Amino acid sequence: MNPDRYRNLRRDTELKYINVHPIQRGGVLTPEARKALIEFADGYSVCDFCFEGRVDLVETPPVRDFVGDVAEFLGMDEVRFTPGCRHAKWAVMSTMLEKGDSIVLDSLAHYTSYMAAEANNLEVYEVPHSGYPEFRINPETYADVFEEVKRETGEYPKLALLTHVDYRYGNLTPPEEVGKICEEYGVMFMVNTAYSSGLMEINGKKMRADFIVGSGHKSWASTAPIGFVATNYEHVEKLMKTSTIRGRWSGRGFTKKEIAFYGCSPVFGAPLITFMASFPSVVERVSRWEDEVRKARYFVREMEKIVGFHQMGVRPTEHTLQNFESLPFHQVARKHKRRGYFLYSELKKRGVIGVHPGLTKNFKINTYGLTDRQINHVIWAFKDIAEKYGLEVED
Ligand SMILES: *Cc1c(COP(=O)(O)O)cnc(C)c1O
């Protein structure tokens, strides 16, 4: 054991570099959140005035109002906070389904969707995606997979999950279309908005969503870990089922505590405070999403001037997260003494960080929230590296 090694933990990623890390752009704190973070950094900081034994009911700071505002912002009726989108999915599956039930999810779903299903002993059926290079999810395929589940198990699935924007290609699948199909079949519908809510406008009612789950640290300018699950009145009782346990000897009961949320809340303190403090900016920024997409498309056009660079997924891109295939850089890596790490270090030398160290053949970049100037700098860095290694770059 060497406790001294923890004495000087530092991180200068956001200070010294332009960070294009695929999962980090939407989670960069607002100045307001950074300030609130310091004041509420101590342990149970949001519990000074807790009178009802539940974080979501605390009025100072105004968590109770915040719960209502987030629900309204998402076009849903009720919200609870969770330590990330992953726990939100787990909470839905553990409360709404029984062991052995079938669920349907898109084949670009995040691993945490599979884990939530596995932890709750559910059967998982996948909606296939199209092949290279689009990897598109066709909403109508949900109906086919519902029929497949019926053929195999004798009944339709209980729940369908759609990854609104997937983490591999940044493809956006229209939830309204999947929601319509779910409604026709009487299948509950959960939309995973980890890469969309907090960045773009979300309306759960229009999506016909029973559950919306999302991630504060990925897309709502928050400190990890925080996420949420939103639902409609119809499911409140079941999802937010309160405790009925009685101590056999003591007779103790906890009737106000919600079981799937560990009684009070599985997340509070600093993550919750930053989520709240960034909310005013988040409400505002979702209206600027079109501009983010415009910048992302410009970025793709310029990157593809490096001959052999291709944006994977649906085109033109509908998100700030891109997956690039870059075979020329892969060729360079094969001969380079630092192998695949050459790209990471060449970018770092040019002030750009966030491309996964070691990757060259395929890598992801997120431009969310970068200024035009910063985006141009990233483009310059890539083209400059390409030219240094004798690759062809179009004007
Ligand atoms: C990042 C991501 C998650 C995980 O979110 P957490 O809030 O970290 O649990 C889940 N699903 C998708 C689609 C993601 O992109």
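Residues numbered from 1 in each chain as written. Predicted model: local features only at pLDDT ≥ 70, side-chain atom pairs only at ≥ 80, totals over all residues. Heavy atoms only, no water.

Caption draft 1: Expanded view of a negative patch on the surface. The grouping of E140, D144, E176 and E177 at the surface amounts to a negative patch. Mapped onto the elements, E140 comes out in the loop between β4 (123-127) and α6 (141-153). (Patch = residues over 30% accessible without salt bridge, like charges linked within 9 Å, V, L, I, M, F, W, Y side chains within 5 Å. Areas by Shrake-Rupley, 256 points an atom, 1.4 Å probe, with all protein chains shown as cover. Salt bridge = Lys/Arg side-chain N within 4 Å of Asp/Glu carboxyl O. Lys, Arg positive; Asp, Glu negative; His and termini not counted. Charge placed at Lys NZ, Arg CZ, Asp CG, Glu CD. Helix = DSSP H or I, 4+ residues; strand = E, 2+ residues; numbered from the N terminus.)

Caption draft 2: Structural context of the domain arrangement of the protein chain. Looking at the assigned domains, one finds that the protein chain contains domain 1 (3-25 + 287-388) and domain 2 (30-286). The C-alpha centroid of domain 2 is placed 30 Å from the C-alpha centroid of domain 1. Residue-level contacts link 17 residues of domain 1 with 21 residues of domain 2. Both sides of the domain 1 and domain 2 interface together cover about 1800 Å² of buried area, and 51% of this is carbon and sulfur. Here domain 1 and domain 2 share one salt bridge between them. Seen at the junction of domain 1 and domain 2, the total is 13 residue pairs in polar contact (both at pLDDT 80 or more). (Domains from an automatic or database assignment. Contact = heavy atoms within 4.5 Å. Buried area = accessible area lost by both parts, 1.4 Å probe. Polar contact = N/O pair within 3.5 Å; in protein donor to acceptor, adjacent residues only side chain to side chain.)

Caption draft 3: Inspection of the pattern of salt bridges at higher detail. A complete count under the given rule lists 27 salt bridges for this structure. Of the charged contacts, one joins R54 and D56 as a salt bridge, the two residues approaching to 2.9 Å between their closest N and O atoms. R54 sits in the buried class, given a relative accessible area of 7%. Classification of D56 by relative accessible area gives buried; the value is 8%. Here E258 makes a salt bridge to R54, at a shortest N to O gap of 3.3 Å. Placement of E258 in the loop between α10 (233-239) and α11 (270-285) and of R54 in the loop between α2 (31-39) and α3 (63-74) is noted, with a sequence separation of 204 residues between them. Both residues of the pair, E258 and R54, count as buried. (Buried < 20%, exposed > 50% of the residue type's maximum accessible area, 1.4 Å probe, protein only.)

Caption draft 4: Looking closely at the sheet that holds strand β10 (residues 321-326). The strand order across the open sheet formed by three strands is β9-β10-β12, and the pairing between neighbours is antiparallel. This sheet does not close on itself; its edge strands, each paired only once, are β9 (309-312) and β12 (362-366). Neighbour-to-neighbour, the strand axes of this sheet turn through a mean angle of 35°, independent of strand direction. Across the face of the sheet, helix α13 (residues 327-335) comes into contact with β9 and β10 while running at roughly 55° to β10. (Pairing = 2+ DSSP bridges. Axes fitted to C-alpha atoms, helices over the stretch in contact; angles between N-to-C directions.)

Caption draft 5: Quick look at the sheet that holds strand β7 (residues 211-215). Spatial ordering of the open sheet is given by β2-β8-β7-β6-β5-β3-β4, a layout of seven strands whose pairing is mixed. Both edges of this open sheet fall to β2 (78-82) and β4, since each of them pairs with a single strand only. Neighbour to neighbour, the strand axes of the sheet diverge by 20° on average, direction disregarded. Lying over the sheet, helix α4 (residues 85-96) contacts β2, β3 (102-106), β5 (159-163), β6 (188-192), β7 and β8 (227-231), oriented at roughly 155° with respect to β7.

Caption draft 6: Region of interest: the layout of surface pockets. One number sums up the size of the largest pocket: a volume of about 720 Å³. Contributing to the lining of the largest pocket are 31 residues, with I23, Q24, G27, H217 and K218 lying nearest its centre. Put simply, the parts of the chain that give the lining of the largest pocket at least two residues each are α1 (13-16), α2, α4, α5 (111-119) and α9 (216-219). Taken together, the residues that form the lining of the largest pocket break down as twelve nonpolar, twelve polar and seven charged. Viewed by domain, the lining of the largest pocket spans two of them, domain 1 (3-25 + 287-388) and domain 2 (30-286), each represented by three or more residues. (1 Å grid on protein atoms, 1.4 Å probe; cavity = no way out; pocket = protein on both sides within 12 Å on 5 of 7 lines; lining within 4 Å. Points joined across faces, edges and corners; volume = space filled by probe spheres on them. Nonpolar A, V, L, I, M, F, W, Y, C, P; charged D, E, K, R; others polar.)

Caption draft 7: Expanded view of the nonpolar core. If you look at the biggest cluster of nonpolar residues, it comprises 62 residues, and the most contacted ones within it are L74, V79, F81, Y142, I212, W220 and F228. Viewed by domain, this core spans two of them, domain 1 (3-25 + 287-388) and domain 2 (30-286), each represented by three or more residues. If near-sequence neighbours (up to four positions away) are discounted, I212 is found in contact with M76, V191, T193, I202, G204, M207, F228, V229 and A230. Core analysis: the second largest hydrophobic core is formed by 28 residues, I18, F309, V352 and L391 among them. (Core = buried A, V, L, I, M, F, W, Y, C linked by side-chain atoms within 4.5 Å.)

Caption draft 8: Region of interest: the site of the ligand. The ligand sits among 14 residues. The nearest are C85, R86, S215, H217 and K218. Backbone polar atom of C85 to an oxygen atom of the ligand: 2.8 Å apart, as the coordinates give it. In this structure, an oxygen atom belonging to the ligand sits 2.8 Å away from a side-chain N or O atom of H217. Protein burial of the ligand: of its 390 Å² of free accessible surface, 95% is covered by the chains. Of all the cavities here, the one that holds the ligand is the largest pocket. Listed by contribution, the elements that provide at least two residues to the shell around the ligand are α4 and α9. The element that contributes the greatest number of residues to the shell around the ligand is α4, accounting for three residues. Here the shell around the ligand is built from residues that sort into four nonpolar, seven polar and three charged. (Near = heavy atom within 4 Å. Sits in = over half its atoms within 2 Å of the grid points.)

Caption draft 9: Here's a closer look at the pairing of β5. When you tally the buried positions in β5, you get five out of five residues, the bulk of the element. Bridge analysis of β3 against β5 gives three bridges, and the strand direction is parallel. Residue pairing in the sheet places I103 in a bridge with L159 of β5. The parallel pair β5 and β6, bridged by helix α7 (residues 175-185), forms a crossover whose chirality is right-handed. (Right-handed = clockwise from strand over helix to strand, strands pointing away.)

Caption draft 10: Examining the environment of T60 more closely. Within the fold, T60 resides in the loop between α2 and α3. As for T60 and F49, which are separated by eleven residues in sequence, their C-alpha atoms are 6.2 Å apart. Among residues more than four places away in sequence, those in contact with T60 are V46 and F49.

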